[in-house]
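Summary of the model geometry
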Amino acid sequence: MEKSFFSEDEVYKVIQHFGSNKSPGPDGFSMEFYKFCRHIIKADFMRLMEEFFRLKTVMHKLVSDFQGAFIKGKQILDGVLIAGECVDSRLKDKKPGILCKIDMEKAFDNILSKLVDDVVLRKQIYGFQVVEGGTMISHLQFAYDALLFVDANADEVKRLLLILTTFELLTCMKLNLEKSTMICVGADEVIQDLALELGCIVEKFPFKYLGLPIGATARSTAVWDEVVARMDVKLETWKKKFLSREGRLVLIMSCLASFPVYFLTLVPMPVSVEKKLNKLMRNFLWNSS
């Protein structure tokens, strides 16, 4: 008999810790259903769990090394930091390059990675390197967000277009190049022509990747405008009329936990932005106008 990954009791101990009155999942059933219909569905449910956990044995073959999601030990910030380092190295070396953010519907990352890796191995496309002799970064992915790195010349862009066209044929999925963007790294004089070749639009620094600005200077305040605006909406004046001072404090702490912290992992907060956020929180807490 094949050994099980876990026992039935272990599975249902976990289920008991979930809230019963939560919104239903994609299957239309709430967690309350799984708790109280255990005796009816347990055989089918345990088979489902076993099949799901068997994916661990083949997951490394299905997911590309350049994919930042779905892989144990990898975090969303890894891709952001790598992209930032690649851009900084190109700017420092004054070597022209471009980045392409491709608008994908689904995460067919392994197919795209194999296509890109093949042309890199044949030295038909050159990615970015942070240090000489280091790892060649040709593309990064997080779920369906794809960022590709190539030199700023027409030949590489044409090969990239061929890769994307082949990807569409293999996956039967249409890439929306009109919503995709091309970012210039020291290639201002050719960027418009290269973007026209690929059929995408030009985006300038700083650009957003996985919710964080890449290419922003340490003293930039403009990249924080979105955070300040979102904090302002969360702490709107009318809300404090219905909350006690303790409730207002809880809401403020919730905003602090979700808004600025993610930005701070990459971008230092200027003093002027700190003062704006403090003023918003102070006015909301103490009922000031």
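First things first, this report covers the structure right here in the doc.

Scoring rules and cut-offs
Residues numbered from 1 in each chain as written. Predicted model: local features only at pLDDT ≥ 70, side-chain atom pairs only at ≥ 80, totals over all residues. Heavy atoms only, no water. Helix = DSSP H or I, 4+ residues; strand = E, 2+ residues; numbered from the N terminus. Buried < 20%, exposed > 50% of the residue type's maximum accessible area, 1.4 Å probe, protein only. Core = buried A, V, L, I, M, F, W, Y, C linked by side-chain atoms within 4.5 Å. Contact = heavy atoms within 4.5 Å. Arc of directions from axis to C-beta. Patch = residues over 30% accessible without salt bridge, like charges linked within 9 Å, V, L, I, M, F, W, Y side chains within 5 Å. Areas by Shrake-Rupley, 256 points an atom, 1.4 Å probe, with all protein chains shown as cover. Salt bridge = Lys/Arg side-chain N within 4 Å of Asp/Glu carboxyl O.

Comments concerning unusual backbone geometry
Here Phe-205 and Pro-206 are connected by a cis peptide whose omega angle stands at -10°. If you trace the backbone, Pro-206 turns up in the loop between β5 (201-203) and β6 (207-209). Located in the positive-phi region is Lys-123, a residue other than glycine, with phi close to 55°. Along the chain, Lys-123 falls in the loop between α6 (109-121) and β2 (139-142). For Lys-123, a relative accessible area of 59% corresponds to the exposed category. Here Cys-172, not a glycine, exhibits a phi torsion of approximately 55°, which is positive. Mapped onto the fold, Cys-172 is located in the loop between α7 (154-171) and β4 (181-185).

As for the nonpolar core
Leu-99, Phe-149 and Tyr-209 are the most contacted members of the largest nonpolar core, which has 34 residues in total. Contributions of two or more residues to this core are made by α5 (76-93), β3 (145-151), β4, β6, β7 (212-214), α9 (225-234), α11 (245-258) and α13 (271-285). The contacts of Phe-149, once residues within four sequence positions are left out, are Ala-83, Cys-86, Ile-98, Leu-99, Ile-125, Tyr-126, Gly-127, Phe-128, Ile-137, Ser-138, His-139 and Leu-140. If you look at the next biggest cluster of nonpolar residues, it comprises 30 residues, including Leu-160, Met-173, Leu-175 and Leu-198.

Brief notes about helix α1 (residues 8-16)
Owing to its 3.6 residues per turn, the α-helix aligns residues three or four sequence positions apart on the same side. The set of residues buried in α1 consists of Val-11, Tyr-12 and Ile-15. Down the axis of α1, the buried side of the element spans an arc of 90°, and every buried residue falls inside it. Looking at the packing, one finds that the buried side of α1 touches α2 (31-36) and α3 (38-54).

Brief notes about a nonpolar patch on the surface
A contiguous nonpolar patch, built from Phe-5, Phe-52, Phe-53, Leu-55 and Val-58 and spanning about 420 Å² of accessible area, is present on the exposed surface. Along the chain, Phe-53 falls in helix α3. Of the residues examined, Phe-53 reaches a relative accessible area of 30% and is grouped as partly exposed.

Here we look at helix α8 (residues 191-198)
Looking only at α8, the buried set comprises Ile-191, Leu-194, Ala-195 and Leu-198. Burial along α8 is one-sided: seen end-on, the buried residues are contained in an arc of 100°. Among the exposed residues of α8, those pointing more than 90 degrees away from its buried face are Gln-192, Asp-193 and Leu-196. Along its buried surface, α8 packs onto β1 (97-103), α7, β4 and β5. Among the residues trailing α8, Gly-199 stands out with phi positive, at a value near 85°.

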